[in-house]
Amino acid sequence: MKPRLSIGLIGHGFMGRAHSHALHDLEFFFDPGVAVVRKTLCGIGDDVAGTAARYGWQGWTNSWEEVIADPEIDAVSICTPGDAHREIAVAAAQAGKHVLCEKPLANSLAEALDMYEAARSAAVKHVVNFNYRKLPAVALARRFLQQGRLGEVRFFRATYFQDWALSPDVPFLWRFDKAKAGAGSMADNGSHIIDLARWLVGEFAEVAGTAEITVKERRSVEDGAIRPVTTDDTAAFLARFENGAIGLFATNRTSAGHKNALVFEVTGARGALVFDLERLNELQVYFYDEAPERQGFRTIMVTDPSHPYISRWWPPGHVIGWEHGFVHQYYEFVKAIAEDATPSPTFYDGMKAQAVLEAIETAWRGKRWAPVPDTEA
Ligand SMILES: NC(=O)c1ccc[n+]([C@@H]2O[C@H](COP(=O)([O-])OP(=O)(O)OC[C@H]3O[C@@H](n4cnc5c(N)ncnc54)[C@H](O)[C@@H]3O)[C@@H](O)[C@H]2O)c1
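Note that this is a predicted model, so its numbers are computed, not measured.

Attention shifts here to the nonpolar core. Residues Phe156, Phe204, Phe249, Phe264 and Phe275 are the most contacted members of the largest nonpolar core, which totals 113 residues. A total of nine residues in this core trace back to one element, the largest contributor, which is helix 11 (residues 347-366). When residues are assigned to domains, this core turns out to be shared by domain 1 (4-132) and domain 2 (133-319 + 354-365), each giving three or more. The contacts of Phe249, once residues within four sequence positions are left out, are Phe156, Ala158, Ile193, Ala197, Phe204, Ala235, Ala236, Phe237, Ala239 and Phe241. Ala165, Phe172, Phe176 and Ile213 belong to the second-largest nonpolar core, a separate cluster that totals six residues.

Moving on, we get to the side chain of Thr375. Tracing the backbone shows Thr375 in the segment after strand 17 (370-371). A relative accessible area of 13% places Thr375 in the buried class. Among the polar contacts listed, one links the side chain of Thr375 to the side chain of Lys352, at a separation of 3.0 Å. The contact partners of Thr375, leaving out residues within four places of it in the chain, are Leu109, Met351, Lys352 and Ala355.

What follows deals with the side chain of Thr251. Tracing the backbone through its elements, the reader meets Thr251 in strand 12 (residues 246-252). You can call Thr251 buried: its relative accessible area is 1%. At 2.9 Å, the side chain of Thr251 and the side chain of Ser185 are in polar contact. Filtering out sequence-adjacent residues up to four positions away, Thr251 remains in contact with Tyr160, Phe161, Ser185, Met186, Asn189, Gly190, Ile193, Asp233, Thr234 and Ala235.

Okay, a nonpolar patch on the surface next. Nonpolar side chains collect at one region of the surface, where Leu238, Ile246, Leu248 and Trp369 lie side by side and expose about 330 Å² of accessible area between them. Of note, Trp369 is situated in the loop between helix 11 and strand 17.

Bringing the environment of Ser306 into the picture now. Note on placement: Ser306 falls in the loop between strand 16 (298-301) and helix 10 (324-339). For the pair Ser306 and Gly325, spaced 19 residues apart in sequence, the C-alpha separation works out to 17 Å. A distance of 2.5 Å separates a polar atom in the side chain of Ser306 from a polar atom in the side chain of Asp304.

Attention shifts here to the sheet that holds strand 13 (residues 261-268). If you walk across this open sheet you meet the nine strands as 16-15-14-13-7-12-11-8-17, and the pairing is mixed. Across the chains shown, the open sheet's two edge strands, defined by having one partner strand only, are strand 16 and strand 17. Pairing of strand 15 (residues 282-287) with strand 16, which is carried by four bridges, proceeds in the antiparallel orientation. Its bridge partner lying in strand 16, Gln284 is registered against Thr299. Along the sheet, helix 6 (residues 136-146) contacts strand 7 (153-161), strand 13, strand 14 (271-276), strand 15 and strand 16; its crossing angle with strand 15, the most-contacted strand, is approximately 20°. Docked against the sheet, helix 11 engages strand 8 (204-212), strand 11 (234-241) and strand 17, running at close to 55° with respect to strand 8.

The full set close to the ligand counts 23 residues, and His12, Met15, Lys103, Asn131 and Trp174 are the nearest of them. For the ligand, an oxygen atom lies 3.1 Å from a polar atom in the backbone of Gly13. Protein chains shield 85% of the accessible area of the ligand, which is 840 Å² for the free molecule. The residue makeup of the shell around the ligand, split by class, is ten nonpolar, nine polar and four charged. No fewer than three residues from each of domain 1 (4-132) and domain 2 (133-319 + 354-365) sit in the shell around the ligand.

Taken domain by domain, the protein chain comprises domain 1 (4-132) and domain 2 (133-319 + 354-365). Between the C-alpha centres of domain 1 and domain 2 there is a distance of 25 Å. Listed by partner, the interface residues are 18 residues for domain 1 and 27 residues for domain 2. When domain 1 packs against domain 2, the two sides together hide about 2000 Å² of surface, and 60% of this comes from carbon and sulfur. Contact with domain 2 buries surface across domain 1, with Phe29, Phe130 and Tyr132 losing the most and accounting together for 41% of the total. On inspection of domain 1 and its partner domain 2, the count reaches two salt bridges. The partner of Asp83 in a salt bridge is Lys180, with the nearest N and O atoms 3.2 Å apart. For the pair domain 1 and domain 2, the number of links is eleven residue pairs in polar contact (both at pLDDT 80 or more). Among the residues making up the side of domain 1 that touches domain 2, the classes are represented as ten nonpolar, five polar and three charged.

What counts as what
- Residues numbered from 1 in each chain as written.
- Predicted model: local features only at pLDDT ≥ 70, side-chain atom pairs only at ≥ 80, totals over all residues.
- Heavy atoms only, no water.
- Core = buried A, V, L, I, M, F, W, Y, C linked by side-chain atoms within 4.5 Å.
- Buried < 20%, exposed > 50% of the residue type's maximum accessible area, 1.4 Å probe, protein only.
- Helix = DSSP H or I, 4+ residues; strand = E, 2+ residues; numbered from the N terminus.
- Domains from an automatic or database assignment.
- Contact = heavy atoms within 4.5 Å.
- Polar contact = N/O pair within 3.5 Å; in protein donor to acceptor, adjacent residues only side chain to side chain.
- Patch = residues over 30% accessible without salt bridge, like charges linked within 9 Å, V, L, I, M, F, W, Y side chains within 5 Å.
- Areas by Shrake-Rupley, 256 points an atom, 1.4 Å probe, with all protein chains shown as cover.
- Salt bridge = Lys/Arg side-chain N within 4 Å of Asp/Glu carboxyl O.
- Pairing = 2+ DSSP bridges.
- Axes fitted to C-alpha atoms, helices over the stretch in contact; angles between N-to-C directions.
- Near = heavy atom within 4 Å.
- Nonpolar A, V, L, I, M, F, W, Y, C, P; charged D, E, K, R; others polar.
- Buried area = accessible area lost by both parts, 1.4 Å probe.

Next comes the structure, spelled out in structure tokens:
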């Protein structure tokens, strides 16, 4: 019989659902080397007990401290708003639990550094859920870059647009509160594209950016009061990478017509590639070394067993979806625990993205270029 690995999941909202689903599907398609037990779902607010039963958890609680104190729980997933990430992650690591935490890792660089240090010194496995790394088409982009198919990377552009906050009638949520969320669209959506840039291009050196709160106040559903919005809904920045490449980034939650539009393009000396999350089974590629009569962008349908992760799913052309990235992330997290290996991306990556976010805010407030803080010292 396989050894068991018991998980406690903190947060029963949107991400609590996506993570529960990933854990439900994990062993149907993958063999992570252990039998995963969905032991406790923790949350505050509506119907935690009913949600836990529906998502297949053995038990539930309103107290994250109870999850950490449970000696039978081996690993903890954190799916709360950002203001609770640091306290829960540090306590979990200190209790010897492996930790998977949602992005952005923290609400500030100082918090992210604490979390990375706590996980590292406790020698537990740690992962930040930058789930887009785990989509086959994005992993294929990385494979081409590592193979040198694009030559030296010279330019990267990424935009992440949504329109869920376009209407001023959208009520005041934790995402509009800097104390809860740390920052706005640039932290929420931007942390994903910053991570992809680091993964595909390299470390950031300096940034210059700006941001705006276009809908300045919203009504609270709790008490009907009008509250000031303290996080940006629109942001943009320019970047220079340590390797000399230039980057162009924008995020927007009020971008009419865009539902979950994460798009990036990597331009190298010998080719280019383009990914669009709303067509996530595809990767557009252009290879300059092809014969001129055949040159041009073409679309690879990333559903072949030779493509990353796909051999565990369906025959070619039988497409997968957004949620599959979460299954892949859990597979790698759990397998790393089972094999005592290092999963990715880790709290180190979460902390490095936070350093870039901090530099963007410094640049925006000071109306200047800002170096990305040195976190290696
Ligand atoms: N990786 C992704 O694609 C992705 C997408 C959306 C959100 N996120 C991240 O996931 C996290 C959660 O976002 P969400 O959209 O699921 O939020 P949500 O509002 O839907 O859910 C948050 C949940 O946190 C729980 N919670 C809050 N405070 C708590 C506490 N003190 N103790 C126990 N539980 C508590 C509640 O159960 C609540 O249901 C955030 O960090 C967010 O940035 C990631």
